[in-house]
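Report on the structure
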Amino acid sequence: MFVSVLLTIIIINGVVLNSYAQSGLDYSKIPAISDVLSLFNVKVDLERSLYLKDADRADRYIYIPLIETGYIIYDIQLEEVIEFSVETANSYIESARGDELYYTGPLSYYKIIDGTVISLKDHSQMGTIEVLKEIEGMMIFDKQKSVSQTASIKVTPRSIEYIRGTVPNYSYNPDGICGATAAAMLLKWRDNYMDSRYVPASLTSGDGELLIRHLANNYIPKKSGSVNVVNGIYDYVRTQGISYLPSREVANITSIVTAVSGQGVPYILGITGHPQYKEHWVTGYGYSQPSSNTIFAIVNDGWGSTGIQITMSYTDWAIY
């Protein structure tokens, strides 16, 4: 497990960077990481790995870039991969190398400068480290609710399932309107592949901003919960002459994701992780199962990154 390497300490802006070169641990041989590497036939760039701190300032997570493109985030304490991508580099973490970096669960990246927590997503100042403890608490609660679900799902181990077609990858997401952004991606997919009445020409744009603004202003406001998103989609599609009432599920989310993906249609997932905006919504278009007891949802993250795979145990709503 351990290899002999030259220990080096890299200091940037006064911050010591924990890395593979310091620890000497070959992370690629950890079973959870090895399963992902094997399924997707990719390799890690160990020399550029970094530790990410939890809300207790412990080096709990390891961020490992892939050699081609992509990354893996591994939870040392729970011995499981939390999120990864084999399609998209993590520009948020890469742009903050040298800072004190924190992680509280899928898509939740932060740094602390002069005692202030700053989101790597939108650079908003969020308060003291107590904010991270609140976010981490919400994430742990969701994980405890859903941790037993994956074990009961019967799908083929070491498999990947994508829906048909391509889900648009929209990034227009200011001020907590992620529910509208996620819904817009789902609706535009339905417009492209099921019924061209879903999105009229007057709301069509390459970046999705026209549709997202329309949904956010009229149907799905910021800080939306699952009821807001479901009802907002339903009310919107009725104006287009379409009968479609989305379903929402707080239990058995893993089985919903695998079943809906098998039907070839996208879904929306809720990830609790923000003390102000609460729910973050992402749009999924498949799943992967690197091992018999681990399933990842494949999603567009709502900020412009595609092909992000997140462990199902941190999700709390599925809309489909």
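Residues numbered from 1 in each chain as written. Predicted model: local features only at pLDDT ≥ 70, side-chain atom pairs only at ≥ 80, totals over all residues. Heavy atoms only, no water.

To continue, consider the environment of Val299. Counting through the fold element by element, Val299 comes out in strand 15 (residues 294–300). According to the relative accessible area criterion, Val299 is buried, its value standing at 0%. Along the chain, Val299 and Gln309 lie ten residues apart, while their C-alpha atoms are 6.2 Å from each other. Ignoring anything within four residues of it in the chain, the contact list for Val299 reads Leu269, Val282, Thr283, Gly284, Tyr285, Ser305, Thr306, Gly307 and Ile308. (Helix = DSSP H or I, 4+ residues; strand = E, 2+ residues; numbered from the N terminus. Buried < 20%, exposed > 50% of the residue type's maximum accessible area, 1.4 Å probe, protein only. Contact = heavy atoms within 4.5 Å.)

Once that is clear, we can look at the packing of aromatic side chains. Enumeration over the complete set of coordinates arrives at ten aromatic pairs. Arranged with centres 5.6 Å apart and planes meeting at 65 degrees, the rings of Phe40 and Phe84 form a pair that is edge-to-face. Pair noted here: Phe40 is in helix 2 (residues 31–40) and Phe84 is in strand 6 (residues 80–85), with a separation of 44 residues, a long-range link. Residues Phe40 and Phe84 agree in their burial class; the two are buried. Their ring planes at 35 degrees and their centres at 6.0 Å tell us that Tyr63 and Tyr71 sit as a pair that is tilted. (Phe/Tyr/Trp six-rings, centres within 6.5 Å; stacked < 30°, edge-to-face > 60°.)

Below, the discussion takes up the packing of helix 5 (residues 178–193) against helix 7 (residues 226–239). Running from N to C, helix 5 and helix 7 cross one another at 50 degrees; their axes reach a closest spacing of 11 Å. With respect to helix 7, the element helix 5 is oriented oblique. At the point where helix 5 passes helix 7, the crossing takes the right-handed sense. Contacts from Gly179, Ala183 and Leu187 of helix 5 reach helix 7 at Val229, Ile233, Tyr236 and Val237. A class-by-class count of the residues in the contact of helix 5 with helix 7 yields six nonpolar, one polar and no charged. (Axes fitted to C-alpha atoms, helices over the stretch in contact; angles between N-to-C directions. Parallel < 35°, antiparallel > 145°, perpendicular 65-115°, else oblique. Left-handed = near helix turned anticlockwise from the far one by under 90°. Nonpolar A, V, L, I, M, F, W, Y, C, P; charged D, E, K, R; others polar.)

Turning our attention to the pattern of salt bridges. Applying the stated rule across the entire model yields 15 salt bridges. Across the salt bridge formed by Lys53 and Asp59, the nearest N and O atoms sit 3.1 Å from each other. When its relative accessible area of 18% is taken as the criterion, Lys53 is described as buried. Lys111 is the salt-bridge partner of Asp99, the closest N and O atoms lying 3.5 Å from each other. (Salt bridge = Lys/Arg side-chain N within 4 Å of Asp/Glu carboxyl O.)

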